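Results of the structural survey
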Amino acid sequence: MTLVLLVRHGHTDVAGKRLTGWTPGVHLNERGREAAEALVGRLEEVPIDAIYSSPLERCRETAAPLARARGLSVRIRRGLIETGYGDWTGRTISQLRRTKLWRTVERTPSAVRFPGGESLLEVQARAVEEVRRIAADHPTGTVVVVSHADPIRLLIAHVGGAHVDHLHRLVVDTASVTAVALDHETPRLLKVNDTGGLTGLAGRGPRHRPPTAKVRG
């Protein structure tokens, strides 16, 4: 079994306001940097074998304090990158809410392809495949995977057996941790959108197969 800890990057000045997508140069703000440092303490009792990250700065900056504390390098994986919003990149959410396509995003996200960008089904497929590859490289380990809200929500939907059209029922806050146990049988959600203490995961590693799925906010 592989224990995968899905971490959304820390807060930025444009989080929740603008779609930055693949735009480089978006960095953590003070709140985000504090949350990244706090992650070290939150995971203090959890063994970690490797740390993976989206190539974008806000994710790498979130992973960096934990990597330093554990003496690990941050391994970059393109499959963990944010949704490719195409022509919507850089636009504010308040602007986009007035478009017809936004209504489709809200009601049937499985049918959405962002203009000049990815579909959410494509994002889900590449995120799931990337996490599967990571888990295959650490079949009895614990790994941290730092990514973005939509890829993590799509991964939760996949593991939980939820349709992509239920995506907006899921909340993934900045610097939150979602814990997933992956094996050859049934994947399990152990924690979802956890922003508090994580010491309970110390006994959830590969040597402690979870008997049941527990979803906690």
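Structure: see above.
So, here is what we can say about the structure in this document. Treat the numbers as computed from the prediction; the structure is a model and nothing was measured. (Residues numbered from 1 in each chain as written. Predicted model: local features only at pLDDT ≥ 70, side-chain atom pairs only at ≥ 80, totals over all residues. Heavy atoms only, no water.)

1. With respect to the pairing of strand S4 (residues 142-147)
For S4, a buried count of six out of six residues is recorded, marking the element as mostly surrounded by other parts of the structure. A two-sided burial pattern is seen for S4, the buried positions comprising Thr 142, Val 144 and Val 146 on one face and Val 143, Val 145 and Ser 147 on the other. (Buried < 20%, exposed > 50% of the residue type's maximum accessible area, 1.4 Å probe, protein only. Helix = DSSP H or I, 4+ residues; strand = E, 2+ residues; numbered from the N terminus.)

2. A short note on the sheet that holds strand S2 (residues 50-53)
A sheet is described by the order of its strands in space; here six strands give the open sequence S3-S2-S4-S1-S5-S6, paired in mixed fashion. In this open sheet, the two edge strands, each paired with only one partner strand, are strand S3 (74-76) and strand S6 (188-194). Along the sheet, successive strands turn relative to each other by an average axial angle of 25 degrees, direction set aside. As judged from the four bridges shared by strand S5 (residues 177-182) and S6, these two strands associate in the antiparallel manner. Its bridge partner being in S6, Ala 179 is matched across the sheet by Lys 191. (Pairing = 2+ DSSP bridges. Axes fitted to C-alpha atoms, helices over the stretch in contact; angles between N-to-C directions.)

3. Let's talk about the environment of Tyr 85
Inspection of the secondary structure assignment puts Tyr 85 in the loop between S3 and helix H3 (93-96). We classify Tyr 85 as buried; its relative accessible area is 5%. Distance from Tyr 85 to Gly 117, taken between C-alpha atoms, is 5.0 Å for residues 32 residues apart in sequence.

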